[in-house]
Structure formats: C-alpha cells, structure tokens
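# Examining the three-dimensional arrangement
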Amino acid sequence: MTSSPATTTLWRPTGPEELDLVREANWRAWPPRLPEQPIFYPVLDEDYAIRIARDWNVKHDGAGFVTRFEVESAFLSRYPVRRAGGRTILELWVPAGELDDFNDHIVGEIQVIHEFR
C-alpha cells in the first residue's frame, strides 16, 4: 500500500493570459516566467489571493482568477515563507529557473475557485 505525500494548499491570483497557459498544460503546471518575472509567487492565504485577483488583475487585465492547488509539503520546505505586508500576506518565492521542478511536485490539478470581471 502506497500512501500519498503530505501536501500544502497554495493559491495563485492570475489574469486571463496566464490562466489560458495553465489550461493548455491540462491544469497541471504553471507556465514559464517572462524575462521580467524572475520569481513565481504562489500565496498561502485565499483572502490575499482574492484581493490581488479582484483589485489588481481585473484593473490591469479585465478579469482576475484565483486558483488553488496542492504541492508536496516536503518539497516546499526549501522555500521560506515571505511576509509581503500584513500577517496574512504570505508568499513563497520560487525562482523562475526552478519552476519546472516546482511543477513536478504539484499534486492533482490546478483549480479555478474564484472569478472576477
């Protein structure tokens, strides 16, 4: 009997273009970062992701989405939690060059759980 690895729930606020690329990857991977995006920022709090998707992505992209996904907890231990503001404004900073490895540790599918227009 094989047990599943322990996972951590993460959220990612995203715009429509990035979401299209996730869809093209069959909801299993995040797309490579653009040259001006050296870090991939998943967040640890759903409310924080909602605020970004609703207040920033809608303004800049016309729509904002909040995704939820699971990543193997043991793998995530290499990334310290970064506080980007208040006590619930917590992120992981994944270097762009490590995103393929990060994607390999996603368990299940990336799910859209909120949509704002």
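Residues numbered from 1 in each chain as written. Predicted model: local features only at pLDDT ≥ 70, side-chain atom pairs only at ≥ 80, totals over all residues. Heavy atoms only, no water.

### Re the layout of surface pockets
Here the largest pocket is characterised by a volume of approximately 610 Å³. If you go around the largest pocket, you meet 21 residues; those closest to its centre are Arg 12, Glu 18, Arg 33, Gln 37 and Asn 57. Looking at the lining of the largest pocket, its residues break down into eleven nonpolar, four polar and six charged. (1 Å grid on protein atoms, 1.4 Å probe; cavity = no way out; pocket = protein on both sides within 12 Å on 5 of 7 lines; lining within 4 Å. Points joined across faces, edges and corners; volume = space filled by probe spheres on them. Nonpolar A, V, L, I, M, F, W, Y, C, P; charged D, E, K, R; others polar.)

### Examining the packing of aromatic side chains
Scanning the entire structure with this criterion turns up seven aromatic pairs. Measuring from centroid to centroid gives 5.8 Å for Phe 75 and Tyr 79, while their planes differ by 65°, and the two rings are edge-to-face. Assigned by exposure class, Phe 75 and Tyr 79 land together as buried. Through successive ring pairs, a cluster of aromatic residues spans Trp 30, Phe 40, Phe 69, Phe 75, Tyr 79 and Phe 102. Cation over ring: Arg 12 sits above Trp 30, and NZ or CZ is 5.8 Å from the ring centre. (Phe/Tyr/Trp six-rings, centres within 6.5 Å; stacked < 30°, edge-to-face > 60°. Buried < 20%, exposed > 50% of the residue type's maximum accessible area, 1.4 Å probe, protein only. Lys NZ or Arg CZ within 6 Å of the ring centre and 35° of its normal.)

### Here's the deal with helix H2 (residues 46–61)
Largest kink in H2: about 30°, centred on Ala 53. Of the surrounding secondary structure, the elements contacted by the buried residues of H2 are strand S1 (7–14), strand S3 (64–72), strand S5 (90–92) and strand S7 (106–116). Two or three places before Asp 47, at the opening of H2, Asp 45 has a side-chain oxygen 3.1 Å from that residue's backbone nitrogen. Downstream of H2 by one or two residues, Gly 62 has phi in the positive range, about 85°. (Bend = angle between axes of the 7 residues up to and from the residue. Helix = DSSP H or I, 4+ residues; strand = E, 2+ residues; numbered from the N terminus. Contact = heavy atoms within 4.5 Å. Polar contact = N/O pair within 3.5 Å; in protein donor to acceptor, adjacent residues only side chain to side chain.)

### Considering the pairing of S3
With eight bridges joining them, S1 and S3 adopt antiparallel strand pairing. Looking across to S3, one finds that Thr 7 is bridged to Glu 72. (Pairing = 2+ DSSP bridges.)

### Quick word on the nonpolar core
By size, the foremost hydrophobic cluster in this structure holds 15 residues, and its most contacted members are Trp 30, Phe 69, Val 71, Leu 76 and Phe 102. When contributions to this core are tallied by element, the ones reaching two or more residues are S3, helix H3 (73–76), helix H4 (99–104) and S7. Ignoring any residue separated from it by four or fewer positions in sequence, one finds Phe 102 in contact with Leu 10, Trp 30, Phe 40, Pro 42, Phe 69, Val 71, Phe 75, Leu 76, Tyr 79 and Val 94. Core analysis: the second largest hydrophobic core is formed by nine residues, Tyr 48, Ala 49, Ala 53 and Val 66 among them. (Core = buried A, V, L, I, M, F, W, Y, C linked by side-chain atoms within 4.5 Å.)

### Here's the deal with the side chain of Glu 18
Position of Glu 18 relative to the elements: it lies in helix H1 (residues 16–24). The exposure class of Glu 18 is buried, given its relative accessible area of 13%. Other than its neighbours up to four places away in sequence, Glu 18 contacts Arg 12, Pro 13, Trp 30, Pro 31 and Arg 33.

### Some words on the environment of Phe 40
Position of Phe 40 relative to the elements: it lies in strand S2 (residues 39–40). Sequence separation between Phe 40 and Glu 70 is 30 residues, and the spatial gap between their C-alpha atoms is 15 Å.

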